[in-house]
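# Observations on chain architecture
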Amino acid sequence: MITVAECKKPQSKLRSEKFLTPKKLYLPLSQHTGKPSSCCVKVGDFIEESQVIANQDGYISSYLHAPASGKVIAINAWNNPVLGRSEAIILEPQGVSKKYLPREGIENLTKEKLIEIIAASGIVGMGGAAFPTQVKLKSPKPIDTLIINGCECEPYLTTDHRLMVENLKEIFLGIEIICRIIKPKVVIFAVEENKSDAIKQINLLIHTKKFSLLAARTAVLPSYYPQGGEKQLIYSTTRRKVPGGKLPLDLGCLVHNVATCFAIYEAVYYSKPLIERLVSFCGEALTAPKNIWVKIGTSLKELFDQKIIEFRTEPEKIISGGPMMGTSLDSLDYPILKSTGGFLFLTKGPKELTEGSCLRCARCVDACPMELLPLEYYKRAKKGEYQDLSTFNINDCIECGCCAFSCPAKIPLVHYIKAGKRYAPKNK
Ligand code: SF4
Ligand code: SF4
């Protein structure tokens, strides 16, 4: 793992704001891992807030709900910050926001019913991977360790941090629900040492014993990147290594991000589907960084048009996500997805790199948290020799960028790795 500049101040100390009244919502059918949701509305339909507008389509898929009441004005291809472009439902909000009432009899809900509620609420992993949550909760193998991911190791982003400071009790109630489903022997709340205010509160809640969490403890981890990666987190907290091709559940572990726990709480306690989330807006090109609750589908452009966020100066680079793993955007015409943790508006993009020759210094190898051989991928991908890349386990690469960050020859290693993954034979 590597040390990167955090750039998390002042936004880590600012109270989050709300913007829940967009003029239009752009809702891609594909905002999770797996098969896109299948649209179940048509142009002209009037939709109620939280109504299902696209169904889960297959085992690894998710439901999509209307973040506001309103009229479907189009269903067509639209910008998607992860996929470039994909089919989307475009909604024009009308009317007032729905009130969500507490659900009764939560203590009597069975494990199966809880999973059903979570699936029906369209919850996906909100740390970035967007894997449908109900699938992770239906583990075919016993889970002894539940790890709650509060690390948020990408520079600039502070939504998980603010959520832990402002909504920790709700996160704990979400964790209790997960525990009722998977019955772990131990719960580990993992958080980086740069979030001292959150750590204090987590320790306090664990020690009050108000929550029925078995053997819960806090793991305070060094602020390294990518500390929040699933496999890195499992190793840092349990010393268990997830081998290539295996899943955390093969080692009895399950990892859930804090924002996902919060969404589970809202779904179970208030029957509220995943229709809004906290998003970080940061970078030197803004007048001020902010963390804002926004409805899923709100476009970046509208936030600027309505002066919710403002430019101090023209950005040179717009990134969806963090600077290490995020994707560059070519305009503001992109919506917020269930998995969007933040947007960066940078005055200086990364310097134009002049790619030098490999010095065989092995810094990229030392930096790789997955113990891979990035220079081998580069050498072969550059020559178009993709045949034996799989034998070097290229598909275990999590595209974290630590290798490129450490390379003194400024070789864009992740670019070569992505090409290598695309063309490498899938069978090892
Ligand atoms: S090879 Fe992949 S996992 Fe290893 S440092 Fe590079 S991007 Fe990260
Ligand atoms: S860090 Fe860069 S220069 Fe050094 S071995 Fe890796 S690819 Fe080559």
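It should be noted that the structure appears before, not after, this text.
The structure reproduced in this document is the subject of the present report. (Residues numbered from 1 in each chain as written. Chains lettered and ligands numbered in written order. Predicted model: local features only at pLDDT ≥ 70, side-chain atom pairs only at ≥ 80, totals over all residues. Heavy atoms only, no water.)

## A few points about the site of ligand 1
So the rule is basically this: For this description, a residue counts as near a given molecule or strand if any of its non-hydrogen atoms is within 4 Å of it. For this scheme, ten residues count as nonpolar: Ala, Val, Leu, Ile, Met, Phe, Trp, Tyr, Cys and Pro. Four count as charged, namely Asp, Glu, Lys and Arg, and the remainder, Gly too, count as polar.
Taken together, Cys368, Pro369, Met370, Pro374, Cys397, Ile398, Glu399, Cys400, Gly401, Cys402, Cys403 and Ile417 make up the full set of residues near ligand 1. For the shell around ligand 1, the residue count by class is ten nonpolar, one polar and one charged.

## Brief notes about the site of ligand 2
Residues in contact with ligand 2 amount to 13 residues; listed here are only the nearest, Cys358, Leu359, Cys361, Cys364 and Cys407. Here the residues of the shell around ligand 2 sort into eleven nonpolar, no polar and two charged.

## Observations concerning the layout of surface pockets
So the rule is basically this: The method works on a 1 Å grid over the protein atoms by themselves. A cavity is a set of points holding a 1.4 Å probe that cannot get out, a pocket is an open set with protein on both sides within 12 Å along at least five of seven lines, and residues with an atom within 4 Å of a point line them. Grid points are joined across faces, edges and corners, and a volume is the space filled by probe spheres set on the points. Here a helix means four or more residues in a row that DSSP labels H or I, a strand means two or more in a row labelled E, and each is numbered from the N terminus.
There is about 460 Å³ of room inside the second largest pocket. Lining the second largest pocket are 22 residues, and of these Gln232, Lys241, Pro369, Met370 and Glu371 lie nearest its centre. Per element, the largest residue contribution to the lining of the second largest pocket is four residues, and it comes from helix α6 (residues 230-238).

## Re the sheet that holds strand β4 (residues 46-47)
The cut-off we apply is this: In this scheme, strands are said to pair when DSSP sees at least two bridges between them.
Pairing in this open sheet of four strands is antiparallel, and the strands run β2-β8-β7-β4 from one edge to the other. Two strands close off the open sheet at either side, each with one partner strand: β2 (25-28) and β4. Where β2 and strand β8 (residues 84-93) come together, four bridges link them in antiparallel fashion. By the bridge assignment, Pro28 is partnered in β8 with Ala88.

## Notes on unusual backbone geometry
Residue Pro10 is reached from Lys9 by a cis peptide bond, and omega for that bond is 5 degrees. Structurally, Pro10 is set in the segment before β1 (17-19). At the junction of Tyr225 and Pro226, the peptide bond is cis and its omega measures out at -5 degrees in the coordinates. Note on placement: Pro226 falls in the loop between β11 (216-221) and α6.

## With respect to helix α3 (residues 159-166)
Since there are 3.6 residues in each turn of an α-helix, residues three or four apart along the chain are aligned in direction. To keep it simple, the criterion reads: Any residue under 20% of the maximum accessible area for its type is buried, any over 50% is exposed, and the rest in between are partly exposed; the area is computed with a 1.4 Å probe on protein chains only.
Across the eight residues that make up α3, a large majority, eight, are buried. Burial in α3 covers these residues: Thr159, Asp160, His161, Arg162, Leu163, Met164, Val165 and Glu166.

## As for empty space enclosed by the protein
Summed over the entire model, instances satisfying the criterion amount to four cavities of 30 Å³ or more. For the largest cavity, the calculated volume is near 120 Å³. Looking at the largest cavity, it is lined by 17 residues, and the ones nearest its centre are Met126, Phe262, Ala263, Leu274 and Glu276. Among the secondary structure elements, those contributing two or more residues to the lining of the largest cavity are α3, α7 (258-270) and β13 (276-282). Among the elements that make up the lining of the largest cavity, the one with the highest residue count is α7 (four residues). Taken together, the residues of the lining of the largest cavity break down into eleven nonpolar, one polar and five charged.

## Details of the pairing of strand β7 (residues 70-80)
Pairing geometry for β4 and β7, over two bridges, is antiparallel. By the bridge assignment for β7, Ile47 is matched with Gly70. Judged from the ten bridges that link them, β7 and β8 form a sheet pairing that is antiparallel. From the neighbouring strand, Gly70 faces β8, where its bridge partner is Pro93. Joining the antiparallel neighbours β7 and β8 is a turn of three residues.

## So, the environment of Arg15
To keep it simple, the criterion reads: Pairs of residues are marked as contacts when any of their non-hydrogen atoms sit within 4.5 Å.
With respect to the element layout, Arg15 can be found in the segment before β1. Counting along the chain gives 150 residues from Arg15 to Val165, while the straight-line C-alpha distance between them is 9.2 Å. If sequence neighbours within four positions are ignored, Arg15 has contacts with Arg162 and Glu166.

## Topic: the sheet that holds strand β5 (residues 52-55)
Reading across from one edge, β3-β5-β6 is the order of the three strands in this open sheet, with antiparallel pairing throughout. Edge positions in the sheet fall to β3 (38-39) and β6 (64-65), since each has one partner strand and no second. In the sheet, β5 pairs with β6 via two bridges, with the strands oriented antiparallel. Within β6, the position partnered with Val52 by the bridge is His65.

## What about the packing of α3 against α7?
Put simply, the rule is: Axes here refer to lines fitted to C-alpha atoms; in helices the fit is confined to the stretch in contact. Angles between the N-to-C directions go from 0 to 180 degrees. When an angle is under 35 degrees it counts as roughly parallel; over 145 it counts as roughly antiparallel; between 65 and 115 it counts as roughly perpendicular; any other value is oblique.
Relative to each other, α3 and α7 sit at 50 degrees, their axes nearing to 9 Å. Considering their axes alone, α3 and α7 lie oblique with respect to each other. Residue-level inspection shows Asp160, Leu163 and Met164 of α3 in contact with α7, the latter providing Val258, Ala259 and Phe262. Partitioned by chemical class, the residues of the contact of α3 with α7 number five nonpolar, no polar and one charged.

## What to know about the nonpolar core
Burial of nonpolar side chains together is a common tendency in soluble globular proteins. Put simply, the rule reads: Definition used in this section: a nonpolar core is a set of buried Ala, Val, Leu, Ile, Met, Phe, Trp, Tyr and Cys residues joined via side-chain atoms within 4.5 Å.
Core analysis: the largest hydrophobic core is formed by 52 residues, its most contacted members being Ile171, Ile175 and Phe189. Residues within four places of Ile175 in sequence aside, it is in contact with Leu146, Ile148, Val187, Phe189, Leu213 and Cys261. Judged by nonpolar contacts, the second largest core, of 22 residues, contains Leu372, Tyr377, Ile394 and Cys407.

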